[in-house]
Amino acid sequence: MSEQQNFDVVVIGAGPAGYHAAIRAAQLGLKTACIDAALGKDGKPALGGTCLRVGCIPSKALLDSSRQFWNMGHLFGDHGISFKDAKMDVGQMVGRKDKIVKQFTGGIAMLFKANKVSPFYGFGTLHKGNVVKVKQHDGSEVELKGTNVVIAAGSDSIELPFAKFDGDTVVDNVGALDFTEVPKRLGVIGAGVIGLELGSVWKRLGAEVTILEAMPEFLATADAEVAKTAAKEFKKQGLDIKLGAKVSKAEVKSKGKSKEVHLTYSDKDGEQSMVVDKLLVAVGRKAASKGLLADGTGVKLDDRGRIEVDEHCHTGVDGVWAVGDCVRGPMLAHKGFEEGIAVAELIAGLPGHVNLDTVPWVIYTEPEIAWVGQTEQQLKEEGTPYKTGSFPFAAIGRAVAMGEPAGFVKVIAHAETDRVLGLHLVGVGVSELVHEGVLTMEFKGSADDLARICHAHPTLSEAIHDAAMAVDKRAIHKAN
Ligand SMILES: Cc1cc2nc3c(=O)[nH]c(=O)nc-3n(C[C@H](O)[C@H](O)[C@H](O)COP(=O)(O)OP(=O)(O)OC[C@H]3O[C@@H](n4cnc5c(N)ncnc54)[C@H](O)[C@@H]3O)c2cc1C
């Protein structure tokens, strides 16, 4: 083992949370190291975590490719565009995705260099006294001591005991981003964000997709009306979503040269079975804490295996912080970004804070689903008086001109103060529009503020303007 190296900040994990913490700490003049164990498809170290390698960015690349293909068959005709024999070259599509991944993971390495963050490639274990021992890919070990250590170890897919990942037939997101051909029948366990997004990709390319969801309600965390509208649109696209369907068995059997998965599930009508060619298990993610903590560090895990932290991401152990998917709060890249920055600033003696109440949520399906703040269901439960205003994209000139009239916007405001408590959207481009709600809520604005702010015409954002006006029954472009 080489001599111990000293740093002001040692970050474990170079995903969204970790690389933000490392770069911001270095910007603030702190001597910073960042350790990451991940390798890319080419077997070389790849920074950027789940998000850049096998999450946010590659999934959006495939969603975009498959959307272009789907639009050719479903939207182009209306515009008068015709074509013959459109084909999808899956290898080319996946290759494009891999190129984008490489560009961005390589980009983090360049940002580390530009900001003088020292990268270490290997697996880090935190020991007592803020010492991190790193087992590097060449087998050697280095020991880093940080005045501060930031744990940003992220998360891993949850595996079902009866449906072990084999990387080919039964897969998680990693496998489903790399199918070499369109599966004829794709089964998905879990109608959450990952199941819906990756299910949509392969559906648009021609797979028969069945999503089995154990919960009786569709997208229970979203606004109920948004979920209902989205479910209707997904059904129109041919996504078969079975609710209250609890899978108990997944047997991989050989069929000639290929394999298929025999699924057993139960629903309100009793035991059912179905056969698929590929199975994507997307039942959630768990904090990655295996091998991370040696005995005696004092860092505690909660009942879900996440690192326990306070509202400032401090673990309670002097100089040890934790951020991103490995701690409480939504498992979203941008939540990790903000926590990473906040912790670096706190370490540097600056104020740092993340408001978990204004973290936006987005599902990048077609139509997109997005929200920030509370839902009507939550407000009812806590007894907060509220009022709402909604506006459909079908009455928005820009959306109709684009051939994308599905969905609506709903503004929820406090019944007495008019303060915006939530913005819920389903429709085209709402992943961008949701930030009007984030800004309004961060500035503690009211529905009236939103209604009085001039929005360009014709834009999709006019739906927010009209929805805000509808809160006080003064929407111009619909009956109130
Ligand atoms: C298919 C899919 C799509 C997604 N799409 C979106 C999206 O559109 N928008 C969004 O906001 N979120 C999305 N997410 C979630 C998002 O990817 C995560 O919330 C985000 O990556 C979490 O960031 P993180 O830095 O906490 O952890 P991670 O990104 O998981 O990074 C942790 C890193 O730490 C490394 N590591 C772990 N332990 C150690 C150790 N002991 N030593 C060294 N290195 C270690 C890991 O190798 C990894 O590189 C998606 C996830 C998936 C799976």
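Not measured: the values here are computed from a predicted model.

Before going further, it helps to spend a moment on the overall build of the protein. Looking only at helices and strands, the protein has 13 helices and 21 strands in total. For 480 residues, the compact-globule estimate of 2.2 N^0.38 gives 23 Å, and the protein sits close to it at 24 Å. A burial count over the protein gives 52% of its 480 residues as buried. A sequence separation of at least 24 residues applies to 62% of the contacts in the protein between residues at least 6 apart. Computed over 55 positive and 61 negative side-chain charges, the inter-centroid distance for the protein is 4 Å.

The next subject is the site of the ligand. As a structural note, the neighbourhood of the ligand is formed by 36 residues, with D36, T50, K60, G124 and D325 the closest of them. Measuring from a nitrogen atom of the ligand, one finds a backbone N or O atom of G124 at 2.8 Å. One nitrogen or oxygen atom from the main chain of D325 is found 2.8 Å from an oxygen atom belonging to the ligand. Bound to the protein, the ligand loses 93% of the 1,000 Å² it would expose on its own. At the level of secondary structure, the elements contributing two or more residues to the shell around the ligand comprise α1 (16-27), β2 (32-36), α2 (49-54), α3 (56-74), β3 (118-127) and α8 (333-347).

As judged from the seven bridges shared by strand β12 (residues 258-267) and strand β13 (residues 270-276), these two strands associate in the antiparallel manner. Pairing of H262 across the sheet is with V275, part of β13. Between β12 and β13, which pair antiparallel in sequence order, lie two residues.

For the rest of this paragraph, the subject is the environment of V188. Tracing the sequence through the fold places V188 in strand β8 (residues 185-189). Distance from V188 to H334, taken between C-alpha atoms, is 26 Å for residues 146 residues apart in sequence.

Moving on, we come to the domain arrangement of the protein. Per the domain assignment, the segments making up the protein are domain 1 (5-157 + 286-357), domain 2 (170-283) and domain 3 (367-470). Once you take the C-alpha centre of each, domain 1 and domain 3 turn out to be 31 Å apart. In this assembly, four residues from domain 1 lie in contact with eight residues from domain 3. Taken together, the two surfaces of domain 1 and domain 3 that pack against each other cover about 320 Å², and 39% of this comes from carbon and sulfur. For domain 1, the biggest contributors to the area lost against domain 3 are L75, N355 and D357; these three give 76% of the whole. Where domain 1 meets domain 3, there are zero salt bridges.

Rules and cut-offs
Residues numbered from 1 in each chain as written. Predicted model: local features only at pLDDT ≥ 70, side-chain atom pairs only at ≥ 80, totals over all residues. Heavy atoms only, no water. Helix = DSSP H or I, 4+ residues; strand = E, 2+ residues; numbered from the N terminus. Rg over C-alpha atoms; globule rule 2.2 N^0.38 Å. Buried < 20%, exposed > 50% of the residue type's maximum accessible area, 1.4 Å probe, protein only. Contact = heavy atoms within 4.5 Å. Lys, Arg positive; Asp, Glu negative; His and termini not counted. Charge placed at Lys NZ, Arg CZ, Asp CG, Glu CD. Near = heavy atom within 4 Å. Polar contact = N/O pair within 3.5 Å; in protein donor to acceptor, adjacent residues only side chain to side chain. Areas by Shrake-Rupley, 256 points an atom, 1.4 Å probe, with all protein chains shown as cover. Pairing = 2+ DSSP bridges. Domains from an automatic or database assignment. Buried area = accessible area lost by both parts, 1.4 Å probe. Salt bridge = Lys/Arg side-chain N within 4 Å of Asp/Glu carboxyl O.

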